[in-house]
Amino acid sequence: METADGISNLNGYYIDYTIPQIGKEFDLLRFGEDSIINIEIKTECPIENILKQQEKNKYYLSFLGKRLHIYTFISNSNKLYRLEDGAGGNEIAEASFAELRRNLSSQKLCGISNIDDLFDPSDYLVSPFNSPERFMAGEYFLTMQQEQICKSIQKDLSDKNRNFIALTGGAGTGKTLLAYHIAKENMRSGKKVLVLHCAQLNGGQECLKGEYGWNIHMARYAPETDGYDIVIADEAQRMNQSQFAELTGKILSCNKKCIFSYDEKQYLSEYENRCNIKEKIENDLSCAPYRLTGKIRTNKEIARFITQLFRQDKNFQGLSYPNIELLYCKDYPSAKNILHDLRNNGWTVPNYTPGTRTAFYYEKYSIAGKECAHSVIGQEFDKVAIVLDGHFGYGPSGALTASNIYYSQKQMLYQIITRTRKKLCIVIINNPQMLERCIGILGRPIDKTAED
């Protein structure tokens, strides 16, 4: 298959490409100066499934701003299908191989140094909290695992003999998106849904309440549940035992449905950890949890750094960290100045949560603003700055340690650092041990030193 200028139509393909951090896969991609050709290859596949995949591919590729030619080849029937714009939306149509050949022949290939640079994960990582408008407009897709779990949970919600459902997953698995997607779909079908957020409400939740009429409340101020069909307890690992007992009692007495969404690692105080709500959900309520495993929302570079930071005995060789910055300063006033500069330059700088009755030592370098470890729960930010002060270190087992006043500073660090989408800045205050560890992980010198 040769074009007029002698360039083979068989050249220039990216095979089995996956968008980093998102996990979206494409069988064949070919990039031209003004067009992109995508070809998916199946042995056999129902037409509705072909259309669904083509629509997803269009969504992910459309951010590149080029004309799209999206095809699916079915080998068993030797048929080719294309996605096209119809009067009522996307449509699927049978295409000829001659058409595909013409598109390939007319495509003027463009050189790409690194295909990953074409795709910005933040275009696709739609959060109900950070992008409520896009979330409500449906400008997102669930992963295959999320879709399967969603179908199972919807089936459980129609089971008259079942009151409780459990959904769990680590940071970055898309647990919050799935929980809120389930809430949205059930509200659209006429169900009354109450969301109990076991943390401070954020701006996105206030938007969902004010602009879209969602019923979202902090768990401590929960309204009566008998007027709702479904209750979703998000960040349920942070509930205390009396809240849990009261909620489950009401659900049973009214014969309602309750979904617990939780990650037992995301606690902020030792008291929350000791409450062990995970154990009560899974054992006391006999709830086998649906578990999200694929970390679609986690930057692998940041995740590897976090693993090594929290465990001194974890060391990954041969990795680079171009999106992690390291700053060192001698005292709290210097740190506070640096944090102000970072915020002024577009970084999100959550404070460690301040005390309600007494001031904790880390408030000496806190900067003005409402963002703290408790308020950023469930949210994501492109650029996050975190602080490692002199109270951090490593214990005999190699695990990271920090002070426990009322809140666990180590757990607050974990909550803040796992909010990072793209870039991370570590500000170390007068802690040579942590400086040495971070330099060892990054394998390069620090970017800046503040002596005063």
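On a predicted model such as this, the values are computed, not experimentally measured, just so you know. (Residues numbered from 1 in each chain as written. Predicted model: local features only at pLDDT ≥ 70, side-chain atom pairs only at ≥ 80, totals over all residues. Heavy atoms only, no water.)

A. Local environment of the pairing of strand 6 (residues 89-95). Pairing of strand 5 (residues 79-86) with strand 6, which is carried by 7 bridges, proceeds in the antiparallel orientation. Bridge assignment links L80 to a residue of strand 6, and that residue is A95. (Pairing = 2+ DSSP bridges. Helix = DSSP H or I, 4+ residues; strand = E, 2+ residues; numbered from the N terminus.)

B. Spatial organisation of the pairing of strand 14 (residues 381-388). Where burial is concerned, most of strand 14 is hidden: 6 out of the 8 residues are buried. Where strand 14 meets strand 17 (residues 420-429), 7 bridges bridge the pair, whose relative direction is parallel. The partner of V387 across the bridge, within strand 17, is V427. (Buried < 20%, exposed > 50% of the residue type's maximum accessible area, 1.4 Å probe, protein only.)

C. Structural view of unusual backbone geometry. Even without being a glycine, D16 presents a positive backbone phi close to 55°. Within the secondary structure layout, D16 lies in strand 1 (residues 13-18). A relative accessible area of 55% means that D16 is categorised as exposed. Of note in the backbone geometry, E235 takes a positive phi value of approximately 60° without being a glycine.

D. Examining the sheet that holds strand 1 more closely. Strand order in this open sheet of 6 strands is 1-2-3-4-5-6, and the pairing throughout is mixed. Each edge of the open sheet is held by one strand with a lone partner, namely strand 1 and strand 6. For this sheet the average axis-to-axis angle between neighbouring strands, irrespective of direction, equals 30°. On top of the sheet, helix 1 (residues 47-62) reaches strand 2 (25-31), strand 3 (35-42), strand 4 (67-74), strand 5 and strand 6; it is set at about 150° to strand 4, its chief contact. Contacting strand 1, strand 2, strand 3, strand 4, strand 5 and strand 6, helix 2 (residues 97-106) runs over the sheet at an angle of about 140° to strand 4. (Axes fitted to C-alpha atoms, helices over the stretch in contact; angles between N-to-C directions. Contact = heavy atoms within 4.5 Å.)

E. Representation of the packing of aromatic side chains within the structure. One pass over the structure, following the stated rule, counts 25 aromatic pairs. Ring centres of F164 and F260 lie 6.1 Å apart, and the angle between their planes is 25°; this geometry places the pair in the stacked category. On the criterion of sequence distance, the pair formed by F164 in strand 7 (residues 164-169) and F260 in strand 11 (residues 257-262) is long-range, its members being 96 residues apart. Judged on exposure class, the residue F164 and its partner F260 are both buried. Here the aromatic rings of Y332 and Y365 are separated by 5.1 Å at their centres, their planes lie at 65°, and the arrangement is edge-to-face. (Phe/Tyr/Trp six-rings, centres within 6.5 Å; stacked < 30°, edge-to-face > 60°.)

F. Representation of the packing of helix 4 (residues 144-157) against helix 5 (residues 175-188) within the structure. Running from N to C, helix 4 and helix 5 point in directions that differ by 45°, and their axes come no closer than 11 Å. Put simply, helix 4 runs oblique to helix 5. The two elements helix 4 and helix 5 cross, and the hand of that crossing is right-handed. Contact with helix 4, carried on its side by Q146, I149, C150, I153, Q154 and L157, involves L177, L178, H181, I182, E185 and N186 of helix 5 and no other residues of that element. (Parallel < 35°, antiparallel > 145°, perpendicular 65-115°, else oblique. Left-handed = near helix turned anticlockwise from the far one by under 90°.)

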